[in-house]
Amino acid sequence: DFLMTASNHLFDAIFASGFDRDRIFLYLPSCETRTYGALFDASGQMANALRAAGVTVGDRVAVQVEKTPQKLMLYLACLRTGAIFLPLNTAYTAAEVSYFLGDAAPRIFVCDGAKHDALQNVAQEAKVSHVATLNRDGTGTLVDAMQKQPAAFENALRGPDDLAAILYTSGTTG
């Protein structure tokens, strides 16, 4: 396992005081763009959705979803709430996910909607209190919850030695 320490420092480095809200942060394959302002606001909405689901400072947020702009927002929302981001490989089987959920004890598990039924039981057995979905197309129960939240969010105070993420490794050298 690899523990990654960070804090608001990463978030602050991206969104330093006086950042240009209109500057392009992300270019998407569809030729659309996302600005720093849009990403900042969306991460605030996502952070509020996490809080509404019961996530507090130090809680783990397990995530097994494809790489999308919404996953990036979720990572930033974890930084803002002081939660610990726990990304899981999308190729992991239900049995493998079961191990990680049992070992890491996350407060919330976010998975692809297509895998929800199979993984809901796994999450319940691991005593995960909340399961949400986040799909490749940017939809899902987490996005629905996020869209009902305000963008304003006061970041949790964190120090440079506080955990930001837990990255499990396979232990192989290849």
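The text that follows walks through the structure, step by step, so that each part is easy to find. None of the values given here were measured: they were computed from a predicted structure.

1. Things to note about helix 5 (residues 116-125)
Then comes step 1: Along helix 5, the residues classified as buried are L119, V122 and A123. Projected down its long axis, helix 5 shows its buried positions confined to an angular sector of 100°, all on one face. Set apart from the buried face of helix 5 by more than 90 degrees, the exposed residues are D117 and E125.
Then comes step 2: Against the buried residues of helix 5 lie strand 4 (60-64), helix 4 (94-104), strand 6 (108-111) and strand 7 (130-133).

2. Examining the pairing of strand 4
The side chains of a regular strand alternate between the sheet's two faces.
Then comes step 1: By the criterion of burial, strand 4 is predominantly enclosed, with 4 of the 5 residues buried.
Then comes step 2: Bridge count between strand 4 and strand 5 (residues 84-87): 4 bridges; the pairing is parallel. Within strand 5, the residue paired with V63 across the bridge is P87.
Then comes step 3: Where the polypeptide runs from strand 4 across helix 3 (residues 69-81) and back to strand 5, its parallel neighbour, the crossover connection is right-handed.
Then comes step 4: Of the strand pairs in this sheet, strand 4 and strand 6 are connected by 4 bridges, and their pairing is parallel. Residue V61 lies in a different strand from strand 6, and its bridge partner there is I108.

3. Here's the deal with the nonpolar core
General note: in soluble globular proteins, nonpolar side chains tend to be found buried as a group.
Then comes step 1: V61, L74 and V110 are the most contacted members of the largest nonpolar core, which totals 29 residues.
Then comes step 2: Contributions of two or more residues to this core are made by helix 2 (36-52), strand 4, helix 3, strand 6, helix 6 (141-147) and strand 8 (163-167).
Then comes step 3: Among the elements that line this core, the one with the most residues is helix 3, at 7 residues.
Then comes step 4: Ignoring anything within four residues of it in the chain, the contact list for V61 reads V55, L74, C78, A83, I84, F85, L86, I108 and V110.
Then comes step 5: Listed in part, the 17 residues of the second largest apolar core include I84, V97, F109 and C111.

4. Description of the pattern of salt bridges
Then comes step 1: Inspection of the entire model under this criterion finds 5 salt bridges.
Then comes step 2: For D41, the salt bridge identified is with R21, shortest N-O distance 2.5 Å. Of this pair, D41 sits in helix 2 while R21 sits in the loop between helix 1 (8-14) and strand 2 (24-27), placing them 20 residues apart in sequence.
Then comes step 3: For D41, a relative accessible area of 25% translates into the label partly exposed.

5. Brief notes about the pairing of strand 2
Then comes step 1: Inspection of the sheet shows strand 2 paired to strand 3 (residues 33-35) by 3 bridges, in the antiparallel sense. Pairing of I24 across the sheet is with T35, part of strand 3.

6. Here's the deal with helix 2
Each α-helix winds once per 3.6 residues, and so residues spaced three or four apart point in a common direction.
Then comes step 1: Here helix 2 spans 24 Å end to end across 17 residues, near enough to the 24 Å set by a 1.5 Å rise per residue.
Then comes step 2: Extensive coverage of helix 2 is indicated by the burial of 12 of its 17 residues.
Then comes step 3: Where helix 2 is concerned, the buried positions are Y36, G37, L39, A42, S43, G44, Q45, M46, A47, N48, A49 and L50.
Then comes step 4: Looking one or two residues beyond helix 2, the residue adopting positive phi is G54, at roughly 100°.

7. A word on the environment of L79
Then comes step 1: Mapped onto the elements, L79 comes out in helix 3.
Then comes step 2: Taking the relative accessible area as the measure of exposure, L79 reaches 5% and is therefore buried.
Then comes step 3: Expressed as a C-alpha distance, the spacing of L79 and R158, which sit 79 residues apart in the sequence, is 8.9 Å.

8. Remarks on the packing of aromatic side chains
Then comes step 1: Taken as a whole, this structure holds 6 aromatic pairs when the rule is applied.
Then comes step 2: With 4.9 Å between their ring centres and 80° between their planes, F25 and Y36 make a pair best called edge-to-face. Of this pair, F25 sits in strand 2 while Y36 sits in helix 2, and the two are 11 residues apart along the sequence.
Then comes step 3: The exposure class of F25 is partly exposed, given its relative accessible area of 26%.
Then comes step 4: In this structure, R80 packs its charged tip against the face of F40, placed 4.5 Å from the ring centre.

Conventions adopted
Residues numbered from 1 in each chain as written. Predicted model: local features only at pLDDT ≥ 70, side-chain atom pairs only at ≥ 80, totals over all residues. Heavy atoms only, no water. Buried < 20%, exposed > 50% of the residue type's maximum accessible area, 1.4 Å probe, protein only. Helix = DSSP H or I, 4+ residues; strand = E, 2+ residues; numbered from the N terminus. Arc of directions from axis to C-beta. Contact = heavy atoms within 4.5 Å. Pairing = 2+ DSSP bridges. Right-handed = clockwise from strand over helix to strand, strands pointing away. Core = buried A, V, L, I, M, F, W, Y, C linked by side-chain atoms within 4.5 Å. Salt bridge = Lys/Arg side-chain N within 4 Å of Asp/Glu carboxyl O. Expected span 1.5 Å × (residues − 1). Phe/Tyr/Trp six-rings, centres within 6.5 Å; stacked < 30°, edge-to-face > 60°. Lys NZ or Arg CZ within 6 Å of the ring centre and 35° of its normal.

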